[in-house]
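Chains, contacts and geometry: an overview
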Amino acid sequence: MTTSYDPLHGPDEEPPFPASLDDELKLTRELLDEIADANIHDHTAMLKAAVGLNCRIRSLVAALDAERGEFQ
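Quick look at the structure, then.

Moving on: the packing of helix 1 (residues 21–35) against helix 2 (residues 43–67). At a minimum axis separation of 9 Å, helix 1 and helix 2 run at an interaxial angle of 160 degrees. By the angle class used here, helix 1 and helix 2 are roughly antiparallel. Relative to helix 2, helix 1 is oriented so that their crossing is left-handed. Counted together, Leu21, Glu24, Leu25, Leu27, Thr28, Leu31, Leu32 and Ile35 of helix 1 and Ala49, Gly52, Leu53, Arg56, Ser59, Leu60, Ala63, Leu64 and Glu67 of helix 2 form the full contact between these two elements. Class assignment for the residues of the contact of helix 1 with helix 2 results in 11 nonpolar, three polar and three charged.

Here you go:
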């Protein structure tokens, strides 16, 4: 199936190589603080927030999986 857009994350993309779980949590909290005041009516700000959150959450999940001994 082809689309007329580029997805945030494609099915063939490699999962991220995470930092430690503590570091990933710290980075995720920092990003949440950074984007908390983003203007919901600002398309660019929302796009940056979505991409940043997508990357951070994927890394956080990868760190959780690694800590639990699970790999995708």
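Taken as a whole, this structure holds two salt bridges when the rule is applied. With a closest N to O distance of 2.1 Å, Arg56 and Glu24 form a salt bridge. Residue Arg56 is found in helix 2, and its partner Glu24 is found in helix 1; the two are separated by 32 residues along the sequence. Across this residue pair, the class does not change: Arg56 and Glu24 are buried. Between Glu30 and Lys26 there is a salt bridge, and its shortest N-O distance comes to 3.5 Å. Pair noted here: Glu30 and Lys26 are both in helix 1, with a separation of four residues, about one helical turn. Given the relative accessible area of 38%, Glu30 is considered partly exposed.

Once that is clear, we can look at helix 2. Counted at 1.5 Å a residue, the expected span for helix 2 with its 25 residues is 36 Å, and the 36 Å between its end C-alpha atoms agrees. Restricting attention to buried positions, one finds in helix 2 the residues Ala49, Gly52, Asn54, Arg56, Ser59, Leu60, Ala62, Ala63 and Asp65. Summarising the contacts, the buried residues of helix 2 are in contact with helix 1. The residue sitting at the N-terminus of helix 2 and contributing the capping side-chain oxygen is Asp42; that oxygen lies 3.0 Å from the backbone nitrogen of Thr44. Among the residues trailing helix 2, Gly69 stands out with phi positive, at a value near 80 degrees.

What counts and how
Residues numbered from 1 in each chain as written. Predicted model: local features only at pLDDT ≥ 70, side-chain atom pairs only at ≥ 80, totals over all residues. Heavy atoms only, no water. Axes fitted to C-alpha atoms, helices over the stretch in contact; angles between N-to-C directions. Helix = DSSP H or I, 4+ residues; strand = E, 2+ residues; numbered from the N terminus. Parallel < 35°, antiparallel > 145°, perpendicular 65-115°, else oblique. Left-handed = near helix turned anticlockwise from the far one by under 90°. Contact = heavy atoms within 4.5 Å. Nonpolar A, V, L, I, M, F, W, Y, C, P; charged D, E, K, R; others polar. Salt bridge = Lys/Arg side-chain N within 4 Å of Asp/Glu carboxyl O. Buried < 20%, exposed > 50% of the residue type's maximum accessible area, 1.4 Å probe, protein only. Expected span 1.5 Å × (residues − 1). Polar contact = N/O pair within 3.5 Å; in protein donor to acceptor, adjacent residues only side chain to side chain.

None of this, on its own, says anything about what the molecule does.
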